[in-house]
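One-letter residues, chain by chain:
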Amino acid sequence: MDIAFVDAELGRACNSDAARRARFGAEAAVTLHRRLGEMAAAAHLADLRHVAAARVRSGPPGDRFTRLVSLGVYGELLVHPRDSPPVLDQNGLLDEHSVRALIVTAITITR
């Protein structure tokens, strides 16, 4: 999948080892780097569901498109499809097999 970031600042913090450690802490930075790599390696969002540690789940209530991707004990990534409008399945839900590009909108670190 292609991964973009909501703004340049978040992109720099995620794509630089030093910036990632400074912003998120050494241990969380390792997990974040691994998860971003797993996301990039996935062909589409549905593939990421096969990564048990990612624990992909629906986002905030009422938001059909946002997904939360786990960073384990460290927090989570808030992502949504880059395509607008995203492809929906026959039930009106996000078709995760069609999502081949994500935007990371926020990263919450709990530790």
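Not measured: the values here are computed from a predicted model. (Residues numbered from 1 in each chain as written. Predicted model: local features only at pLDDT ≥ 70, side-chain atom pairs only at ≥ 80, totals over all residues. Heavy atoms only, no water.)

Caption draft 1: Spatial organisation of the pattern of salt bridges. The full count for this structure, using the stated rule, is 7 salt bridges. One salt bridge in this structure joins E9 and R23, with 3.9 Å as the shortest N-O distance. A residue pair is termed long-range when its members are at least 10 positions apart, and E9 in helix α1 (residues 8–15) and R23 in helix α2 (residues 17–24) qualify at 14 residues. Within this structure, R49, R67 and E96 form a network of salt bridges that share partners. (Salt bridge = Lys/Arg side-chain N within 4 Å of Asp/Glu carboxyl O. Helix = DSSP H or I, 4+ residues; strand = E, 2+ residues; numbered from the N terminus.)

Caption draft 2: Layout of unusual backbone geometry. For the bond running from S84 to P85, omega is -5°, close enough to zero to count as cis. You can see P85 is positioned in the loop between β4 (75–81) and β5 (101–109). With a phi angle near 40°, R55 is a residue other than glycine that sits in the positive phi range. With respect to the helices, strands and loops of the structure, R55 is situated in the loop between α4 (45–48) and β2 (57–58).

Caption draft 3: How the structure looks around the packing of α2 against helix α3 (residues 26–41). Closest axis-to-axis distance for the α2/α3 pair is 7 Å, and the angle between their directions is 125°. Taken together, α2 and α3 sit at an angle that is classed as oblique. Pair α2 / α3 crosses with right-handed handedness. Residue-level contacts link D17, R20, R21 and F24 of α2 to A26, A28, A29, L32 and H33 of α3. Considered class by class, the residues forming the contact of α2 with α3 number 5 nonpolar, 1 polar and 3 charged. (Axes fitted to C-alpha atoms, helices over the stretch in contact; angles between N-to-C directions. Parallel < 35°, antiparallel > 145°, perpendicular 65-115°, else oblique. Left-handed = near helix turned anticlockwise from the far one by under 90°. Contact = heavy atoms within 4.5 Å. Nonpolar A, V, L, I, M, F, W, Y, C, P; charged D, E, K, R; others polar.)

Caption draft 4: Geometry of the environment of M1. Its location among the elements puts M1 in the segment before β1 (2–5). When its relative accessible area of 11% is taken as the criterion, M1 is described as buried. Remark: the alpha-carbon pair of M1 and S16, spanning 15 residues in sequence, is separated by 19 Å. Residues within four places of M1 in sequence aside, it is in contact with M39, A40, A42, A43, H44, L45, V99, R100, A101 and L102. (Buried < 20%, exposed > 50% of the residue type's maximum accessible area, 1.4 Å probe, protein only.)

Caption draft 5: Examining the side chain of S70 more closely. Secondary-structure assignment places S70 in strand β3 (residues 67–70). Ignoring anything within four residues of it in the chain, the contact list for S70 reads R35, A53, A54, R55, R57, G75 and E76.

Caption draft 6: Seen up close, the sheet that holds β3. Strands sit in the order β1-β5-β4-β3-β2 across an open sheet of 5 strands; the sheet is mixed. Of all the strands in the sheet, the pair left with one neighbour each is β1 and β2. Its contacts with the sheet place α1 against β1 and β5, and it is angled at close to 80° to β5. (Pairing = 2+ DSSP bridges.)

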